[in-house]
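Structural description and commentary
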Number of protein chains: 2
Amino acid sequence: MISTQTFAPVTPAIIDQLKHILGAENVSTAKADVDLHAKDQSQHEAHPAEVVIWPMSGQQTADVLKLANDHHIAVTPWGVGTGLEGNSIPLHGGILMSFERMNQIVEVHADDFQVTVQPGIGHKDLNEKLARYGLFFAPDPGANATVGGMLANNAAGIRTVKYGASKDNVLKMQVVLADGRLIHVGSRSVKQSAGYDLLHLFVGSEGTLGVITEATLKLVPVPQFMSAVLASFSTIASAVETVVAVRGSGLDPAALELVDGAHSKMLSSVDGVELGDQPVVFMEFHAAQEATLAAGLEIVQEICEEMGALWFKSTTDTAERKRLWHARHHSYEIMVRMHPDKQFFINDVAVPISAYPELIGYVEQIRDEHGVTCYMIGHAGDGNIHVEFPFANEAQHQKAMEMNGLIVQKALSLGGTCTGEHGVGIGKAKYLPAEHGEALDVMRDIKQLLDPNGILNPGKIFPESGH
Amino acid sequence: MISTQTFAPVTPAIIDQLKHILGAENVSTAKADVDLHAKDQSQHEAHPAEVVIWPMSGQQTADVLKLANDHHIAVTPWGVGTGLEGNSIPLHGGILMSFERMNQIVEVHADDFQVTVQPGIGHKDLNEKLARYGLFFAPDPGANATVGGMLANNAAGIRTVKYGASKDNVLKMQVVLADGRLIHVGSRSVKQSAGYDLLHLFVGSEGTLGVITEATLKLVPVPQFMSAVLASFSTIASAVETVVAVRGSGLDPAALELVDGAHSKMLSSVDGVELGDQPVVFMEFHAAQEATLAAGLEIVQEICEEMGALWFKSTTDTAERKRLWHARHHSYEIMVRMHPDKQFFINDVAVPISAYPELIGYVEQIRDEHGVTCYMIGHAGDGNIHVEFPFANEAQHQKAMEMNGLIVQKALSLGGTCTGEHGVGIGKAKYLPAEHGEALDVMRDIKQLLDPNGILNPGKIFPESGH
């Protein structure tokens, strides 16, 4: 999947120009810095950049891009490297543009429920600073991803079922184009119908159309009251029917998660986790009033009992809620602990929720046919599933990749997508023709229009010709 | 604002080819048909097309566009003509492409809370048909606009504060490009991060980038319980502070509307409407449980009393709720009835909500300075205001347009937009350079990329050179 494109090398003269733009302290060719920015959290191979730089402003970013574009040097933007599809690996070397030092809040617009930030701020760090305003930025992909990375990849996570993905929580951005033009897209007005929606063209474009250097985000009030519900079912089908019924109830869950029986069993092998060995649905509800939660829990319990729940636990107590959700929030660490000496490949597909049982059934079927160990954990309320494959050698890795291909094909045949929230990066590029058909040509044309020299994050999103 | 572009005429040979593609019954040059599709509900002048056609499928639409593109004939898509900025007026003649006969539900995906429709279905007609599923399509611009027109213009309306605008309620579309390519954009999966967001590039592009021939919409469960609140305040500032406080409470209102004192007084001159002559805030809340509504109303009442409400009315009774909201829902008709022999220009701007009091104060100030009659009615929860200007002659119309320009400039200076929900059409094109700066060049480049002959809805969105 390596691009056939060639780029100019980063010469000493270019390094000098970079130091002139950024200051010597924000330019490094040290091996330690290059290695630290060569790989994300995926299983994709590391690739070193030729130089790592840390812009301190939109204008510096613009100046660097103009230089790189004039000289045909590859540029890969970097948040904090928590991507899961190699989205920020500098496949073609060149300049690794890290936003780790542009990590400030620019302005809190508390009355507007908005905040303007630099792209390198971690969303958890942001939310800590916003706590005193009683507001938070809702998308939560788990890791402390940067806001810039979340927007570039349209990250989502557990709370998306209520609050939407990253794309639903951004209003305005400053973006630098490949040729160094610095533009603003979107508006701080929550309503806007003034021309083409360039904002959402750049969101999710994984740094291949432009580089995000500032963003104004939508915030939501921190909920006054929260409840948690866990329920277990003897079949995945009844668990998913419960998910559909809860969504249809109008109760507006803030999280609606599913783990399969294998995952429950694996999690339950850890002290203090008591999930049993059957599928478990995790739910969370947010409300401005305590009465809402109480009434909601009654309805949820009725639904779960109708669907034949094996057991049902609920709470409005904060400590107990955190205890109930602990296994879900720490499932990845628990899995890693239970599989010493293994790496993990994490699949990511999403389908319309009515197709969720069929997708899950298919994964169970091919898992048994191929005799592999894997675990299912999903944002069920969104029809999104991750199948997690531990592997210890290349043969097991290849088997996981083969199953990933089958699961993607199945998801597409069910009207779904090859990636619900991890983005395309390196790993999903080959599936885009099947998902988008001729629309992929339009995406390519737009890439060619906005980045004619192909310098921005090359090797991502588009399958190379011949593949 | 007429484009300097020239297009080829619709010759008898072209008419024959259109009849061959569409059938003679779906092609008309009759004056009655042409006149019926020459003007929307705005104050913009009528322009006749040369021929009106009614495609019956996406493929017919594609065949017509290929023909028109090959011959450089202008094509203007048409829903039902409820636009308020001349968005669907065939400024350059050519082909008026009406979707009135593609008005069917293609498929209800009840378990997915989705419906796939043809573009010509009215949203009210759609919701009548969806009622038996307990689901509805939330955006409601007032008039029975078609879904295709709503998506093309990113229409919004009263319920946007809770459910979002049209762009937030669509998942997938079939779109025909200017050259006749028929593509699919988006996915029925509610989560998707697979490449560029072409869906939102076409939504709100007012038929200038492509023509929507099918759409899959997000639906929401019909709320089990609804409440209404009306409260009046002695100043617009305290009314707006109430709006901000209600949004900040986490109560998630389904409507949060404001009318100014002049509007309240005008509405109250009608029998049965008792709003007084001070600003009034209208609210609606939706919930799955009765207890939620009751608890919410207590909080709302506390907020309104703290803000010094002159009076406060609330109800959870359906008939009483409709009675309380009657004046708001019928405000346009009441205004028309109170101003016989007048036409109306309806302004539309939106700002971050913290700037709403300043915007409203500015409108009051220039209203008094210019000595004109106008009424303010706004989707306050979204920071969106409409200033309604009755006019009886060209001098009054010009005065309204002058004030519109001042209000737009003020909105932009406050970080807002020249159009919150009516779109650009003809009337707002001249404000886009001020709103978007260099980003407008990118929009132009994308227009040129996707419609190199400029046949799609010419004369809209972009200010003509020299203006």
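As a reminder, the structure under discussion sits directly above these lines.
Summary of the structure given here. Since the model is a prediction, treat every value here as computed from it, not as a measurement.

Rules of the game
- Residues numbered from 1 in each chain as written.
- Chains lettered and ligands numbered in written order.
- Predicted model: local features only at pLDDT ≥ 70, side-chain atom pairs only at ≥ 80, totals over all residues.
- Heavy atoms only, no water.
- Helix = DSSP H or I, 4+ residues; strand = E, 2+ residues; numbered from the N terminus.
- Rg over C-alpha atoms; globule rule 2.2 N^0.38 Å.
- Buried < 20%, exposed > 50% of the residue type's maximum accessible area, 1.4 Å probe, protein only.
- Contact = heavy atoms within 4.5 Å.
- Areas by Shrake-Rupley, 256 points an atom, 1.4 Å probe, with all protein chains shown as cover.
- Lys, Arg positive; Asp, Glu negative; His and termini not counted.
- Charge placed at Lys NZ, Arg CZ, Asp CG, Glu CD.
- Axes fitted to C-alpha atoms, helices over the stretch in contact; angles between N-to-C directions.
- Parallel < 35°, antiparallel > 145°, perpendicular 65-115°, else oblique.
- Pairing = 2+ DSSP bridges.
- Buried area = accessible area lost by both parts, 1.4 Å probe.
- Salt bridge = Lys/Arg side-chain N within 4 Å of Asp/Glu carboxyl O.
- Polar contact = N/O pair within 3.5 Å; in protein donor to acceptor, adjacent residues only side chain to side chain.
- Nonpolar A, V, L, I, M, F, W, Y, C, P; charged D, E, K, R; others polar.
- Least-squares fit on C-alpha atoms with pLDDT ≥ 70 in both.
- Core = buried A, V, L, I, M, F, W, Y, C linked by side-chain atoms within 4.5 Å.
- Expected span 1.5 Å × (residues − 1).
- Phe/Tyr/Trp six-rings, centres within 6.5 Å; stacked < 30°, edge-to-face > 60°.
- Lys NZ or Arg CZ within 6 Å of the ring centre and 35° of its normal.

This paragraph deals with the overall build of chain A. Counting its regular elements, chain A contains 16 helices and 19 strands. Here the C-alpha radius of gyration of chain A, 23 Å, is about what a compact globule of 467 residues would show, namely 23 Å. When the backbone C-alpha atoms are referred to their principal axes, chain A occupies close to 70 × 55 × 45 Å. Going through the 467 residues of chain A one by one, you find that 63% of them count as buried. Long-range pairs, those at least 24 residues apart, make up 71% of the contacts in chain A with a sequence separation of at least 6. Carbon and sulfur atoms form 49% of the exposed surface of chain A, whose accessible area is close to 16,300 Å². Side-chain charges of chain A comprise 33 positive and 55 negative groups, with the mean position of each set lying 3 Å from the other.

All names here are of chain A. Running from N to C, helix 11 (residues 318–329) and helix 12 (residues 331–338) point in directions that differ by 55°, and their axes come no closer than 5 Å. Between helix 11 and helix 12, the interaxial angle falls into the category oblique. Contact residues: A327, R328 and H329 in helix 11; S331, E333 and I334 in helix 12.

Once that is clear, we can look at the sheet that holds strand 10 (residues 211–218) of chain B. Residue and element names in this part refer to chain B. The sheet built from 5 strands is open, its strands ordered 5-6-10-8-9 with antiparallel pairing. Each edge of the open sheet carries a strand with a single partner, namely strand 5 (105–109) and strand 9 (182–186). Adjacent strand axes in the sheet meet at a mean angle of 15°, parallel and antiparallel pairs treated alike. Pairing of strand 5 with strand 6 (residues 114–117) involves 4 bridges; the strand directions are antiparallel. If you follow I105 over to strand 6, its bridge partner there is V117.

So, about the sheet that holds strand 6 (residues 114–117) of chain A. Residues and elements named next belong to chain A. Reading across from one edge, 5-6-10-8-9 is the order of the 5 strands in this open sheet, with antiparallel pairing throughout. Whereas interior strands pair on both sides, the edge strands pair on one side only; in this sheet they are strand 5 (105–109) and strand 9 (182–186). Going from strand to strand, the sheet's axes swing by 15° on average, the running direction of each strand aside. Taken strand by strand, helix 3 (residues 58–71) contacts strand 8 (170–176), strand 9 and strand 10 (211–218), and its axis lies near 45° from that of strand 8.

Between chain B and chain A, the contact holds 80 residues from the first and 80 residues from the second. Overall, the association of chain B and chain A removes approximately 6,200 Å² of surface from exposure, summing both partners, and the carbon and sulfur fraction of that is 60%. Its largest share of buried area at the contact with chain A, chain B owes to K191(B), S193(B) and Y196(B), together 15% of the area lost on that side. Across the contact surface, chain B and chain A share 4 salt bridges. K191(B) serves as the salt-bridge partner of E421(A), at 2.9 Å between the closest nitrogen and oxygen. Counting across the interface, chain B meets chain A through 26 residue pairs in polar contact (both at pLDDT 80 or more). Only strand 9, helix 7 (198–202), helix 8 (236–248), helix 10 (290–306), helix 15 (432–436) and helix 16 (439–450) of chain B provide two or more residues apiece to the side of chain B that touches chain A. Ranked by residues supplied to the side of chain B that touches chain A, first place goes to helix 16 of chain B with 9 residues. Tallied by class, the residues present in the side of chain B that touches chain A amount to 34 nonpolar, 30 polar and 16 charged.

Turning next to the relation of the copies chain B and chain A. For the match of chain B to chain A, the screw axis carries a shift of 0.0 Å, the RMSD comes to 0.0 Å, and the turn is 180°. Both copies are brought into coincidence by an operation consistent with a two-fold rotation axis. Looking at the rotation axis and the C-alpha trace of chain B, the residue lying nearest is T292(B), at 2.3 Å. Both copies share a contact surface, since 100% of the interface residues of chain B are interface residues in chain A too.

Bringing the pairing of strand 14 (residues 280–287) of chain B into the picture now. Residue and element names in this part refer to chain B. Most of strand 14 is tucked away: 8 of the 8 residues are buried. Both faces of strand 14 are covered, namely the face carrying V280, F282, E284 and H286 and the face carrying V281, M283, F285 and A287. The pairing of strand 12 (residues 225–232) with strand 14 spans 8 bridges and is classified as antiparallel. Following the sheet pairing, L230 is matched in strand 14 by F282.

This next bit is on the nonpolar core. Counting residues in hydrophobic clusters, the biggest one holds 189 residues, and the most contacted among them are M173(A) and M173(B). For M173(B), the contacting residues outside a window of four places in its chain are L151(B), I183(B), H184(B), V185(B), L199(B), F202(B), V203(B), I212(B), E214(B) and A215(B).

With that settled, the discussion passes to the packing of helix 9 (residues 261–268) of chain A against helix 12 of chain A. All names here are of chain A. Between helix 9 and helix 12, the shortest axis-to-axis distance is 10 Å and the interhelical angle comes to 75°. On the basis of the axis angle, helix 9 is roughly perpendicular to helix 12. Here H263, M266 and L267 of helix 9 lie close against helix 12, whose contacting residues are S331, I334, M335 and M338. Among the residues forming the contact of helix 9 with helix 12, the class breakdown is 5 nonpolar, 2 polar and no charged.

Tallied over the entire structure, the rule returns 30 salt bridges over all chains. Residue D35(A) pairs with K31(A) through a salt bridge whose shortest N-O separation is 2.5 Å. Of this pair, D35(A) and K31(A) both sit in helix 2 (residues 31–36), 4 residues apart, which is roughly one turn of the helix. K31(A) sits in the exposed class, given a relative accessible area of 62%. D260(B) is paired through a salt bridge with R367(B); the nearest N and O atoms lie 3.9 Å apart. Here D260(B) is found in the loop between strand 13 (255–259) and helix 9 (261–268), whereas its partner R367(B) is found in helix 13 (residues 356–370), with 107 residues between them in sequence. Accessibility classification places D260(B) together with R367(B) in one group, the buried group.

Here the focus is helix 10 (residues 290–306) of chain A. If you check helix 10 of chain A, its first and last C-alpha atoms are 25 Å apart, about what 17 residues at 1.5 Å a residue would give, namely 24 Å. Looking at helix 10 of chain A, one finds that the buried residues are T292(A), L293(A), A295(A), G296(A), L297(A), V300(A), I303(A) and C304(A). On its buried face, helix 10 of chain A is in contact with strand 12 (225–232), helix 8 (236–248), strand 14 (280–287) and strand 15 (311–315) of chain A together with helix 10 of chain B. Following helix 10 of chain A by one or two positions, G308(A) adopts a phi angle in the positive range, close to 80°.

Using the criterion set out here, one finds 10 aromatic pairs over all chains in the structure. Residues F136(A) and Y163(A) carry aromatic rings whose centres are separated by 5.7 Å and whose planes lie at 80° to one another, so their mutual orientation is edge-to-face. Placement of the pair is F136(A) in strand 7 (residues 135–136) and Y163(A) in helix 6 (residues 160–163), with a sequence separation of 27 residues. Comparing F136(A) with Y163(A), the two get one shared label, buried. Plain terms: the ring middles of F345(A) and F389(A) are 6.1 Å apart, the flat faces sit at 25° to each other, and that makes the pair stacked. Here F389(A) lies in strand 19 (residues 384–391) and F345(A) lies in strand 16 (residues 343–346), a separation of 44 residues in the sequence. Residues F345(A) and F389(A) agree in their burial class; the two are buried. Looking at R101(A), its charged tip hangs above the ring of W54(A), at a distance of 3.9 Å from the centre. Over the aromatic face of W311(B) sits the side chain of K313(B), whose NZ or CZ is 4.6 Å from the ring centroid.

All right, on to the environment of M307(B) then. All names here are of chain B. Structurally, M307 is set in the loop between helix 10 and strand 15 (311–315). We classify M307 as partly exposed; its relative accessible area is 22%. Setting aside chain neighbours within four positions, we find M307 in contact with F233, S238, E241, T242 and A245.

All names here are of chain B. In this model, F113 sits at a positive phi of 55°, which is unusual for a non-glycine residue. Take F113: it is sitting in the loop between strand 5 and strand 6. For F113, a relative accessible area of 8% puts it in the buried group.

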